[in-house]
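Structure assessment
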Amino acid sequence: MENSPQTSKKIGVAFTGSGLQGLANIALIELFEEVNFKPDFVVGCSGGAAIAGLWGQGLNAIEIQEKISHYLNRDIIRHVDLYGFLFFYKKPRNGYKKNHALLKANRLHKLYNHLFDDIKLENLQFPTAIQTTEVGNGVGAVFKQGLLKDIVYASSAMLPFIPPICIDNKWYADGSFTAPIPIMELVNRGMDHIISLSFTEPSLKKPKNFLSYYSNFVSQVFTKAQRSQITFAIEFHHGETLLLPVKPHMEGDIFDRREINRIMTAGRDTVQQYRDEILRLIER
Amino acid sequence: MDSSSKKYRDFSVVVGGGGIKAMAAVPFFAFLSKNGLIPNQLFGCSGGTFVPSFWANGIREEQKMIEEVYAFQRLVVKEKLFNQLDYRTLLGMANYPFGRFSKKHAILFPNKFFEMCQRMAGGKKLEDLPIPTILQATDLDTADPVFLEKGDLASAIYASSALYPVLPPIEIDGKWLVDGGYHSEIPLMEAVRRSNDIIIVLSFDQVPEQQPSNFFKLFTGFINQVVHYHTHSHTSLAVNTHQNEILFLRHFFKTPISIWDVNKLPEVIDMGYQVLKNKEQEILNMLLL
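Residues numbered from 1 in each chain as written. Chains lettered and ligands numbered in written order. Predicted model: local features only at pLDDT ≥ 70, side-chain atom pairs only at ≥ 80, totals over all residues.

1. Some words on the overall build of chain A
Counting secondary structure elements, chain A contains 11 helices and eight strands. Taking the contacts inside chain A whose residues are at least 6 apart along the sequence as the reference set, 77% of them involve residues at least 24 apart. (Helix = DSSP H or I, 4+ residues; strand = E, 2+ residues; numbered from the N terminus. Contact = placed C-beta atoms within 7 Å.)

2. Some remarks on the overall build of chain B
From N to C terminus, chain B includes 10 helices and eight strands. On C-alpha atoms alone, chain B measures out to a radius of gyration of 19 Å, which is about the 19 Å that the 2.2 N^0.38 rule sets for 289 residues. Each of the three principal axes of chain B carries a C-alpha extent, and together these read 65 × 40 × 35 Å. (Rg over C-alpha atoms; globule rule 2.2 N^0.38 Å.)

3. Overview of helix α5 (residues 106-116) of chain A
All names here are of chain A. Along α5, the residues that are buried comprise Leu-108, Leu-111, Tyr-112, Leu-115 and Phe-116. Buried residues of α5, viewed axially, fall in a sector of 110 degrees; they line one side. For α5, the elements touching its buried residues are α2 (47-56), α3 (61-71) and α6 (148-155). Asp-117 sits one or two residues past α5 and shows a positive phi near 50 degrees. (Buried ≥ 20, exposed ≤ 12 C-beta atoms within 10 Å, placed from the backbone. Arc of directions from axis to C-beta.)

4. Some details on the environment of Val-152 of chain A
Residue and element names in this part refer to chain A. Tracing the backbone through its elements, the reader meets Val-152 in helix α6. What makes Val-152 buried here is the crowd of 30 C-beta atoms within 10 Å. Leaving out residues up to four positions away in the same chain, Val-152 has contacts with Ala-49, Ala-50, Gly-53, Tyr-112, Phe-116 and Ile-130.

5. A word on the interface of chain A and chain B
If you look at the interface, chain A gives 40 residues, while chain B gives 37 residues. Of the residues belonging to the side of chain A that touches chain B, the class tally is 21 nonpolar, 13 polar and six charged. (Nonpolar A, V, L, I, M, F, W, Y, C, P; charged D, E, K, R; others polar.)

6. With respect to the pairing of strand β1 (residues 11-15) of chain B
All names here are of chain B. Judged by how many residues are buried, β1 sits mostly within the fold: five of five residues are covered. Burial along β1 is two-sided: Phe-11, Val-13 and Val-15 facing one way and Ser-12 and Val-14 facing the other are all buried. With five bridges joining them, β1 and strand β7 (residues 198-206) adopt parallel strand pairing. Opposite Val-14, over in β7, you have Val-201 as the bridge partner. Where β1 and strand β2 (residues 41-45) come together, four bridges link them in parallel fashion. For Val-15, the partnering residue across the bridge sits in β2 and is Gly-44. Crossover handedness for the path β1 to helix α1 (residues 26-34) to β2: right-handed. (Pairing = 2+ DSSP bridges. Right-handed = clockwise from strand over helix to strand, strands pointing away.)

7. Considerations on the nonpolar core
Core analysis: the largest hydrophobic core is formed by 189 residues, its most contacted members being Ile-162 of chain A together with Met-23, Ala-25, Val-51 and Ile-157 of chain B. At 10 residues, helix α8 (residues 215-241) of chain B tops the list of elements feeding residues into this core. Those residues in contact with Val-51 of chain B, other than ones at most four positions away along the chain, are Val-15, Ala-22, Met-23, Ala-25, Val-26 and Phe-29 of chain B. (Core = buried A, V, L, I, M, F, W, Y, C linked by C-beta atoms within 7 Å.)

8. A short note on the pairing of strand β1 (residues 11-15) of chain A
Residue and element names in this part refer to chain A. Burial analysis of β1 places five of its five residues in the buried class, which makes it a mostly covered element. On β1, burial covers both faces: Ile-11, Val-13 and Phe-15 on one face and Gly-12 and Ala-14 on the other are all buried. Across four bridges, β1 lies against strand β7 (residues 193-199) in parallel orientation. Directly across from Gly-12, in β7, lies its bridge partner Ile-194. Handedness of the crossover joining β1 and strand β2 (residues 41-45) through helix α1 (residues 26-34): right-handed.

9. Some words on the packing of α1 of chain A against α3 of chain A
Residue and element names in this part refer to chain A. Where α1 meets α3, the closest approach of the two axes is 9 Å, and the angle between their N-to-C directions is 155 degrees. One finds that α1 runs roughly antiparallel with respect to α3. Of the residues in α3, those touching α1 at Ile-26, Ile-29, Glu-30 and Glu-33 are Ala-61, Ile-64 and Gln-65. Looking at the contact of α1 with α3 residue by residue, the class counts come to four nonpolar, one polar and two charged. (Axes fitted to C-alpha atoms, helices over the stretch in contact; angles between N-to-C directions. Parallel < 35°, antiparallel > 145°, perpendicular 65-115°, else oblique.)

10. Regarding unusual backbone geometry
Cis rather than trans, the peptide bond between Leu-159 of chain A and Pro-160 of chain A has omega equal to 5 degrees. Mapping Pro-160 of chain A onto the fold places it in the loop between α6 and β5 (165-167). Cis geometry marks the peptide bond from Tyr-164 of chain B to Pro-165 of chain B, where omega comes out at 5 degrees. Summarising the element assignment, Pro-165 of chain B is placed in the loop between α6 (153-161) and β5 (170-172). Backbone geometry places Asn-36 of chain A, a non-glycine residue, at a positive phi of 55 degrees. Residue position: Asn-36 of chain A is located in the loop between α1 and β2.

11. Digging into helix α11 (residues 275-282) of chain A
Residue and element names in this part refer to chain A. All buried positions along α11 are accounted for by Ile-278, Leu-281 and Ile-282. Looking straight down α11, one finds its buried side chains confined to an arc of 90 degrees; they lie on one side. On the buried face of α11, the contacting elements are β1, α1, β7, β8 (241-246) and α10 (260-273).

12. Some details on the confidence of the model for chain B
Note that predicted coordinates carrying low pLDDT should not be read in detail. Taken residue by residue, chain B gives an average pLDDT of 90. The fraction at 70 or more is 97%. Both scores are available for the predicted complex, with the pTM at 0.85 and the ipTM at 0.81. (pLDDT = per-residue confidence, 0-100.)

As structure tokens, this is what we get:
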């Protein structure tokens, strides 16, 4: 089923989801491997950016899950950044340093260092872009080249908890703030058909942790805010856009490794449910 | 008002968010008072709830409105409204001992800010206001917009401007509500849905702050820019949908003004006069029969 660029339609895939939610995308990769399908373009956002990066390195579905599970530590973002607290409302003598937020991110940097080493985005096996948000102007910014570890970090830096990162003299934070489902990039890239998971996590009636509660809110609020963007994207787009709803029903936070099975199951359930539609789209 | 004596067309006013910058609406509302123009409905969001609320509440003379704005400034400076960190919640974010997490708490304590909303509301309910006034908030659990048109005015003003996670949400009718700007900082679509009036929109934006002096300014500046970005496509859809005229009064600040930087109020009010000066005649031509 491998695409022949001369005859087949171009198919783009968006990998989405905050934190570990991104693992649900592995279910799509499993199906793509089963039918030997390779996309023409991949775009990743937030937790989905890490999956895009690992798949683009040539890892298969099992290897991606194993690698993330191996390096993921429950305490990955459990350390308060006193600088962020101290200068929340006070002005530091030498100006505020933007690489600080409420929590420390050194372990998250370490995780992405393990996962991506010095691999560059432009060297992945599929043309890949990653969605972030520029902190200075609040506008979406899409990376097509650069160090994968820094760009994937930027795409998942959930302000005000996780600090932004400086790349080429500009500061970047989580892509979910501007395009949790970055399908406009695939439209701009001339993809005929688009496939993406769409996380429709219901409200957390008994939230246990500030970070998961806030990231759930941000994900919902900006997915809804993006509706009119998606309307425009679909209007510009002449092919089919397949948005597949996933409901992981997470109880822990977005970096809690105990949620991995729940997320993977939710992803597989969705892909199984829409299997025929996905295959119909990619078989063209 | 006796409708037979009305000499202008039906219109509604939408005041967008923008923190303290939305106080630039004062000259526009003073202009409405001076010309005897009363909108059918008022819509407000976030910082854009303040001026419409006290105008609808009967404070309509220019000087009185300005006095009210400066009373607000004194209150913010004296009470340090945004300076009260909730340390237990901050510790709870990292699951530290003595930390806590609950929906009722956020990074700052809301008490002083809520008192300020109460002062502005003067004990009124939304349904008591002589002009139907609709304030936009966001449901924290579902991220859906919520339009408040009855109930305690102070709570509605607070809900519409509670920038989570800096300020905690407020529970109204079983829903936990936060800043309406998260849905769209200009509640134009709701105005379009409710009537076919002419709509006058007051919007407030600025050049981005490149060197924020603390984390509060970095984060609130970022969120403001993000919601502004999303508002573009909302606004385009609303304009496409509406069957009547929409006039935009854009207040664009060439120097950044932090969300609650009350020291910039003179500059903010002055911007309101500058924008109005160029649009007065256009508004009158559009509205007068």
